[in-house]
Amino acid sequence: MSALDWLIVLGLNGAIIAYGLRRARGTTTSGEWFLSSRALPWWAVGLSLFATNMDNSEFVSATGTIASEGLHFLSAHTFGGLIGVTIATFVIVPAIYRAGLYTNSEYLEHRFGPGTRVLGALIQIQYRTSVLGLMIWAVHLTLVGVGGLRPELSWALIVSLVVLSGVYTAVGGLRAVVATDVLQSVLVMAGGLAVCVAVWRTVGGWDAMVAQLESLGTTAEGLAPGLAAADLTHVGAFRGRDGTTSPVIIFIAWILISSGWWTVSHTSTQRMMGARSLWDMKMAGVLGAGVSLVILLFTDMLGLFGRAQFPDFARPDEMYPHLISTYLGIGAKGLVVAGVVSAAVSTFDSMGSSMSAVFTRDIYARFISRDRDDAHYLRVGRMATVAILVLGFAYLPLILRAPTMLAAFRSVTSVFVTPLLIVYLVGAVTSTNRRVGMAGLATGGLYGVVGFVDREVIDVSWLPPWLTGQWEAFVWAVAFTAAGCALAALHGDASPPGAVSPPGDGDWLAKSSGALGPIRLHPFGERVPFLASPALYTGVLLAISAWLVFGLFW
């Protein structure tokens, strides 16, 4: 890249980080740091959700996966995102919000007891730090492949980004994170659309790209087994790396993966819980999922255009950086790389803020040190932010072993995240007894560990692929978790979803929950106007998703 490109990258991101440091000043209480005192408007929360969802690994992994496996990933960006955000904002997060809680793991104790809470917190930390590893690797590929940096210089820059994002997050908490996410979301959108337009114009549009793919037949390198290049444009063509998995199973798996992101991950639920009203929470989810759908639809197309232009490109995760280097000129290249870096920083700060909240409230304050003042727990949260960000580097060996970044992520997600999603749903919509949470996590988690070992560590010959396969694992995780919940429900009296298990009256956790203030339903007069109904726009986006997946691309 040229000096001008680097000036754009460093100037834009430096300005946003400086703004974050400025907004971080004045945060003095845990309520401000963890939830921004529940004062965030819907548009700010929605753009923050988009910026966190659209991390740099999303650009890199989506392009590479679609270039080798096809458009099945579109299911995650359409139905998966919308179903996930609907479950989160209409069912689960409102229950947490009304209870005056700070984290979604705190709700697990509220509903199922302390053991489920700490296990849920540990699962979240493992889950989100694995995604940090994906982001770190994606930034490295971009800086080396597009920026031309030497590997050691690339790693030095990545560490600097982690440190700087950790500083303003540690100082300002959620308020500083959301403020920077709004600016970063604009930069991410501008960079993503710039590369899409450049590649589209160079190739000659959709019809020209399809014609090129059809001319390749099955000769292109790097395609998943059983696929011809023209099959990449169809959601239902991909049948797994072994060629035997039903596309319906893959579709269901993507819905579960996306639903887990919106619900299990406190990275997203923390933003929703910082909204100024329940209406703002729901509208924010619609905005975040809707903007993500549009931008990711364009990004998904890059994988198809990249395969058409470079049929023998055998390194899927390097396709996105390669397209930037090939098709963008001076200035535009800097804008796109600035967007990639900004996407990384927005997710670094989001994960640092949310996972430090989980550690501080759900582990440290609940089980280690329960009787300290607000300033002490604020300091712990700030220190935990840096530790969480460092943990992301531990997942790089697993990512390097996988055929694509996304394959590594899928293999890890089914182990504990899907069982935890089912437990949240059971807690929110049923009045079953308190043993159910731990029983569901135990059966679903045990299956997840056995499947992961069979897939990634030792091939257990007597375990059939239909039981432990990467895609099938999501459906079986639901089945085993539900079975554990059902068995536990047979023994014990029902307890309503609002049954509270207080950690201790008068301690910091209880006092901080009481300081959040009254719950607002919406910012209007007596009722929400029809044209401002979140359900209306959710229905419109679901109809668009159905047309895209089953009408246009299946």
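**Quick look at a nonpolar patch on the surface**
Together, Leu21, Val159, Val163, Val167 and Val171 make up an exposed nonpolar region whose accessible area comes to about 350 Å². Looking at the nonpolar patch element by element, the count peaks at four residues for helix 8 (residues 151-203). Mapped onto the elements of the fold, Leu21 is located in helix 1 (residues 3-24). Leu21 gets classed as partly exposed once you look at its relative accessible area, which sits at 36%.

**Things to note about helix 20 (residues 472-489)**
Between its terminal C-alpha atoms helix 20 stretches 26 Å, which fits the 26 Å expected from 18 residues at 1.5 Å a residue. Taken residue by residue, helix 20 has Glu472, Ala473, Phe474, Ala477, Thr481, Gly484, Cys485 and Ala488 as its buried positions.

**A word on the packing of aromatic side chains**
Summed over all chains, the structure comprises 19 aromatic pairs. For the ring pair Phe79 and Phe550, a centre distance of 5.5 Å and an interplane angle of 55 degrees mean the geometry is tilted. Here Phe79, found in helix 5 (residues 74-98), pairs with Phe550, found in helix 22 (residues 534-552); they are 471 residues apart in sequence, far enough to count as distant. Note on Phe550: relative accessible area 45%, which makes it partly exposed. The aromatic ring of Tyr97 is capped on one face by Arg38, whose charged end is 3.9 Å from the ring centroid. The side chain of Arg361 reaches across the aromatic face of Tyr102, ending 3.8 Å from its centre.

**Describing the nonpolar core**
Counting residues in hydrophobic clusters, the biggest one holds 154 residues, and the most contacted among them are Val195, Val199, Trp262, Tyr320 and Phe348. Examining the composition of this core, we find that 16 residues originate from one element, helix 14 (residues 332-368), more than from any other. In this structure, Val199 is in contact with Leu302, Phe305, Leu323 and Tyr327, ignoring residues within four places of it in sequence. In terms of nonpolar packing, the next biggest core, distinct from the first, is built from six residues, Val460, Leu463, Leu467 and Ala477 among them.

**Looking at the confidence of the model for the protein**
Taken as a whole, the protein shows an average pLDDT of 82; of its residues, 92% reach a score of 70 or greater. Counting interchain partners and residues more than four positions distant, the pLDDT-below-50 stretch residues 497-503 has 19 contacts.

**Concerning the environment of Leu143**
The residue Leu143 is located in helix 7 (residues 114-145) in this model. With 197 residues separating them along the chain, Leu143 and Val340 place their C-alpha atoms 9.5 Å apart. Filtering out sequence-adjacent residues up to four positions away, Leu143 remains in contact with Trp6, Gly148, Leu149, Ser154, Leu157 and Ile158.

**Considering the packing of helix 12 (residues 278-309) against helix 13 (residues 319-327)**
Each pair of packed helices can be summarised by the angle the axes make with each other and by the distance between the axes. Two elements in contact, helix 12 and helix 13, have axes whose closest approach is 10 Å; the angle formed by their N-to-C orientations is 70 degrees. Between helix 12 and helix 13, the crossing angle belongs to the class labelled roughly perpendicular. Along this stretch, helix 12 crosses helix 13, giving a crossing that reads as left-handed. Side by side, helix 12 and helix 13 meet where Leu302, Gly306, Arg307 and Gln309 of the first sit next to Met319, Tyr320, Leu323 and Tyr327 of the second. Class assignment for the residues of the contact of helix 12 with helix 13 results in five nonpolar, two polar and one charged.

**So, helix 10 (residues 247-263)**
Given a rise of 1.5 Å per residue, 17 residues ought to cover 24 Å, and the 24 Å separating the end C-alpha atoms of helix 10 matches this to within 8%. Where burial is concerned, most of helix 10 is hidden: 14 out of the 17 residues are buried. Among the residues of helix 10, the N-terminal cap falls to Ser246, whose side-chain oxygen and the backbone nitrogen of Val248 are separated by 3.1 Å.

**Comments concerning the environment of Ile96**
Within the element layout of this structure, Ile96 appears in helix 5. On the basis of relative accessible area, Ile96 is assigned to the buried category, the value being 0%. Spatially, the C-alpha atom of Ile96 lies 33 Å from that of His72, the residues being 24 residues apart in sequence. Excluding anything up to four places from it in sequence, Ile96 contacts Arg38, Leu101, Thr103, Asn104, Tyr107 and Met273.

**Observations regarding the environment of Met1**
Among the secondary structure elements, Met1 is positioned in the segment before helix 1. Leave out the neighbours within four places in its chain, and Met1 touches Trp6, Val9, Val146, Gly147, Lys333 and Val337.

**Thoughts on the pattern of salt bridges**
Tallying each qualifying case throughout the model produces six salt bridges. Notably, a salt bridge pairs Asp362 with Arg117, separated by 2.8 Å at the nearest N-O pair. Here Asp362, found in helix 14, pairs with Arg117, found in helix 7; they are 245 residues apart in sequence, far enough to count as distant. We note that Asp362, like Arg117, is buried. Linked through salt bridges whose partners overlap, the residues forming this network are Glu109, Arg117, Asp362 and Arg366.

Analysis parameters
Residues numbered from 1 in each chain as written. Predicted model: local features only at pLDDT ≥ 70, side-chain atom pairs only at ≥ 80, totals over all residues. Heavy atoms only, no water. Patch = residues over 30% accessible without salt bridge, like charges linked within 9 Å, V, L, I, M, F, W, Y side chains within 5 Å. Areas by Shrake-Rupley, 256 points an atom, 1.4 Å probe, with all protein chains shown as cover. Salt bridge = Lys/Arg side-chain N within 4 Å of Asp/Glu carboxyl O. Helix = DSSP H or I, 4+ residues; strand = E, 2+ residues; numbered from the N terminus. Buried < 20%, exposed > 50% of the residue type's maximum accessible area, 1.4 Å probe, protein only. Expected span 1.5 Å × (residues − 1). Phe/Tyr/Trp six-rings, centres within 6.5 Å; stacked < 30°, edge-to-face > 60°. Lys NZ or Arg CZ within 6 Å of the ring centre and 35° of its normal. Core = buried A, V, L, I, M, F, W, Y, C linked by side-chain atoms within 4.5 Å. Contact = heavy atoms within 4.5 Å. pLDDT = per-residue confidence, 0-100. Axes fitted to C-alpha atoms, helices over the stretch in contact; angles between N-to-C directions. Parallel < 35°, antiparallel > 145°, perpendicular 65-115°, else oblique. Left-handed = near helix turned anticlockwise from the far one by under 90°. Nonpolar A, V, L, I, M, F, W, Y, C, P; charged D, E, K, R; others polar. Polar contact = N/O pair within 3.5 Å; in protein donor to acceptor, adjacent residues only side chain to side chain.

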